[in-house]
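This is what each chain is made of:
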There are 2 protein chains.
Amino acid sequence: MAGKPDTTPPRGMRDLLPAEVELRDAATQQILAVYRSFGFRRIETPALESLRLLVGSEGGENEKLVFKVLKRGEDLEAAQRAGGELAEHGLRFDLTVPLARYYAENHARLPDPLKAIQIGPVWRAERPQKGRYRQFTQCDIDILGVGSAVAEVELLLATGEALTRLGLSDLTVRINDRRLLGAIARHCGFPEEAQGAFFIAFDKLDKVGAEGVLGELREAGHAAAVIERFERLLPTLQKGELSLEALPGLLGQAAGDAAPAFDSLAWIIQTVNREMPAGAQVRFDPTLVRGMGYYTGAIFEAISPAFPSSIAGGGRYDKLIGRMIKRDIPACGFSIGFERLVTILSEGGGSPAAPASAPLPRRVAFLVDATGDLGSALAAARARRAAGDLVSLEVRRKNLGRQLEALAEQGFSAYAVVESGGAASVKPLTARRGHE
Amino acid sequence: MAGKPDTTPPRGMRDLLPAEVELRDAATQQILAVYRSFGFRRIETPALESLRLLVGSEGGENEKLVFKVLKRGEDLEAAQRAGGELAEHGLRFDLTVPLARYYAENHARLPDPLKAIQIGPVWRAERPQKGRYRQFTQCDIDILGVGSAVAEVELLLATGEALTRLGLSDLTVRINDRRLLGAIARHCGFPEEAQGAFFIAFDKLDKVGAEGVLGELREAGHAAAVIERFERLLPTLQKGELSLEALPGLLGQAAGDAAPAFDSLAWIIQTVNREMPAGAQVRFDPTLVRGMGYYTGAIFEAISPAFPSSIAGGGRYDKLIGRMIKRDIPACGFSIGFERLVTILSEGGGSPAAPASAPLPRRVAFLVDATGDLGSALAAARARRAAGDLVSLEVRRKNLGRQLEALAEQGFSAYAVVESGGAASVKPLTARRGHE
């Protein structure tokens, strides 16, 4: 390796090979087709945002992971002299914070309500580990301007349909509501100002178990009687059999205050489950919390036996945009973890099938003489393209047999050796054993 | 505006509205369809690259425009203490330098030859001005591993076909060869080591005219006799009527050394012009130079009366990858300036028509009662989606007439008011006068 420059991509970032991009593109096109059929439309924001916006956005831990972009020229020199901030902008760490800014900036020119699709890369300076990258793709849909739960219904049905079409079977969307979690906190006796800390501890239930959550609450110094009340309630919440209808009975007065949330959640679950595609369902889960501080109502997370962690997550965030626009804009979103989805698909846990109306085109290699007259080869290639084939001109090598093997390994399914002025007789090409 | 945070995107960067993204997506899909039909396959590299790679890549002026990413944590502190480099990575400024790194890193796992499509954002900290952005999209095809001019033929035909399909008429691809320019330089008497400076001055002909070019050469201190010889040749080169066949007669011995380049260029022009779609042609232009230092053979640039500057540019760069991989890899690419293309299309200078087989789907609004039973609306929406419509649920407002007008303005072409349990009778929706 001596003398050869380092050509690895930056740590935690990836080069994608043609077959990998093709799987991702097929999944993207399938998701976009479903989302568009539900009336969503794609928007785009720049990769960079101001640090003022990114930091202080209730993006939780993600704010600490921002890649910052160095100021330039005189600005940088001035900052270095004054010991000031070296950066003014950063790479976006999610698509929700930019969406809020986008809506505040452009709402007068946007449809009302806005049903937005965003698909694109985000960056987080996380410690690289298996399946976790520093640049990765998110795929979000959001409905801005709809306060009614019709928005939640559309998000859940559209994402359920998209994931099912990709071949994910046995899909469950866990659903809860932040206002119900508030009722649980009140019932236990957590004061209003301790609710955020309670949610953060409760959110770790999947990772650290009941004892871990209770331990964190004790360490944080909450009143023993309050924690005890939560400890008595927790086993029932965890059982996974608690119905939405049974919960108010456990919470008493605290539930009464959250009655609209109970009604709305019941309506969403009933409406969605009647329409979900086969193999997908919504299920009430009173232990679902989700990490972001900005959620205000329904929250949801899609899981599948094909993957250990959630595949998609979202919820209602009615107060986030208001901070930028000085009036509240009801908002609700669902985000597919695209990298997780691609992992499932590449391990055979689904099938991003092309729509039945568009069969996969055949890849054909036209082997030509590099120095000859290409006229007949080009004309024949043009005709095959018009018929739907993907035709690549390949310069004919000395060892034809070996070249054909290599082409078959690359996914070509047919070939023709085209002599100057000759006809192109297309023959099938089947992959044989490799020649390593 | 008091108290409202600044929600504009970073300077020189843009938010894209749904209609803008849809135009871009239509153009992208059309280009991708053509490029795939020629056997090209999409690859992806990260947005960030090491500064070591970006700076010193013969990327010309672009190297100075790199957005650098601040080091983090301990690395940053150490750099600040030592007065060292604050950044290790930067945002890519084009797609060619990353492609060379990608090939050097991954060639053992890639098809040989590699016919790559890249489409994605690049970043340059240019002074923002009309039509020039700090984040913009490039769309490149490259063939790596083919030394024969079959590669140039495929690049020229594929890009000619893609731009023609997008409705660009009267497309001319100017073509030249760096080796011919070398012959011109030798004929005039520029020594080998002055060739680069001569090319840089000559490249400005379109902008500063003949006198400007000659003035720059004089200022640079080249020998008067050499400049005089070039001055005598220049009017003939500029006329636009000089044929490739006539040029050797003007250059004498210097042309003889470049005979293979003349033959290859003549073969490319003849082969491509026989196959180019109607309204597109390749034309020899001895004044075409192109800015990048890394070109070694044929160079080309697509122009159209619809736009003042070039729409696409490229050429052969047989030595660039070798610097990273320690053996030369013949390479050739053609890059569409996607933002320029979109400007032409949005001003009506083309038409990114959907293929005839896929008519544009109808956008239908289903107006529903926010609190009612959505069952029949959802079932009817599902049926219409299966029939190919894009169906959006919209919560019915008090002023139905006004809501329908707004929906028509947003591009909906049909609607249905769906009562609980009722049928969905879809009616056409035509845009009326706005209600400002």
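Presented here is an overview of the structure given in this document. (Residues numbered from 1 in each chain as written. Chains lettered and ligands numbered in written order. Predicted model: local features only at pLDDT ≥ 70, side-chain atom pairs only at ≥ 80, totals over all residues.)

## Side note on the relation of the copies chain A and chain B
Now for step 1: Rotating chain A by 180 degrees and moving it 0.0 Å along the rotation axis overlays it on chain B with an RMSD of 0.0 Å. Such values leave the two copies arranged in the relation of a two-fold axis. No C-alpha of chain A lies nearer the rotation axis than that of Val69(A), which sits 2.2 Å from it. (Least-squares fit on C-alpha atoms with pLDDT ≥ 70 in both.)

## Details of the sheet that holds strand E12 (residues 363-368) of chain A
All names here are of chain A.
Now for step 1: Read from one edge of the open sheet, four strands run E13-E12-E14-E15, paired in mixed fashion. Each edge of the sheet is formed by a strand with only one pairing partner; in this case those strands are strand E13 (390-395) and strand E15 (427-428).
Now for step 2: Across two bridges, the pairing between strand E14 (residues 414-417) and E15 is antiparallel. The partner of Tyr415 across the bridge, within E15, is Lys427.
Now for step 3: Along the sheet, helix H15 (residues 375-386) contacts E12 and E13; its crossing angle with E13, the most-contacted strand, is approximately 155 degrees. (Pairing = 2+ DSSP bridges. Helix = DSSP H or I, 4+ residues; strand = E, 2+ residues; numbered from the N terminus. Contact = placed C-beta atoms within 7 Å. Axes fitted to C-alpha atoms, helices over the stretch in contact; angles between N-to-C directions.)

## Let's talk about the interface of chain A and chain B
Now for step 1: With 73 residues of chain A in contact, the opposing surface of chain B contributes 71 residues.
Now for step 2: Of the residues contributing to the side of chain A that touches chain B, the split by class is 36 nonpolar, 15 polar and 22 charged. (Nonpolar A, V, L, I, M, F, W, Y, C, P; charged D, E, K, R; others polar.)

## Some thoughts on the packing of helix H8 (residues 205-219) of chain A against helix H9 (residues 224-238) of chain A
Residues and elements named next belong to chain A.
Now for step 1: One way to put it is that H8 packs onto H9 with a least axis distance of 11 Å and a crossing angle of 160 degrees. Classified by the angle their axes make, H8 and H9 are roughly antiparallel. Viewed along their axes, H8 and H9 form a crossing whose handedness is right-handed. Residue-level inspection shows Ala210, Leu214, Leu217 and Arg218 of H8 in contact with H9, the latter providing Ile227, Glu231, Leu234 and Gln238.
Now for step 2: Taken together, the residues of the contact of H8 with H9 sort by class into five nonpolar, one polar and two charged. (Parallel < 35°, antiparallel > 145°, perpendicular 65-115°, else oblique. Left-handed = near helix turned anticlockwise from the far one by under 90°.)

## Quick notes on the nonpolar core
Now for step 1: In terms of nonpolar packing, the biggest core is built from 251 residues, with Tyr103(A), Phe366(A), Ala377(A), Tyr103(B), Phe366(B) and Ala377(B) touching the most fellow members.
Now for step 2: If near-sequence neighbours (up to four positions away) are discounted, Tyr103(B) is found in contact with Leu110(B), Leu114(B), Leu144(B), Ile321(B) and Ile329(B). (Core = buried A, V, L, I, M, F, W, Y, C linked by C-beta atoms within 7 Å. Buried ≥ 20, exposed ≤ 12 C-beta atoms within 10 Å, placed from the backbone.)

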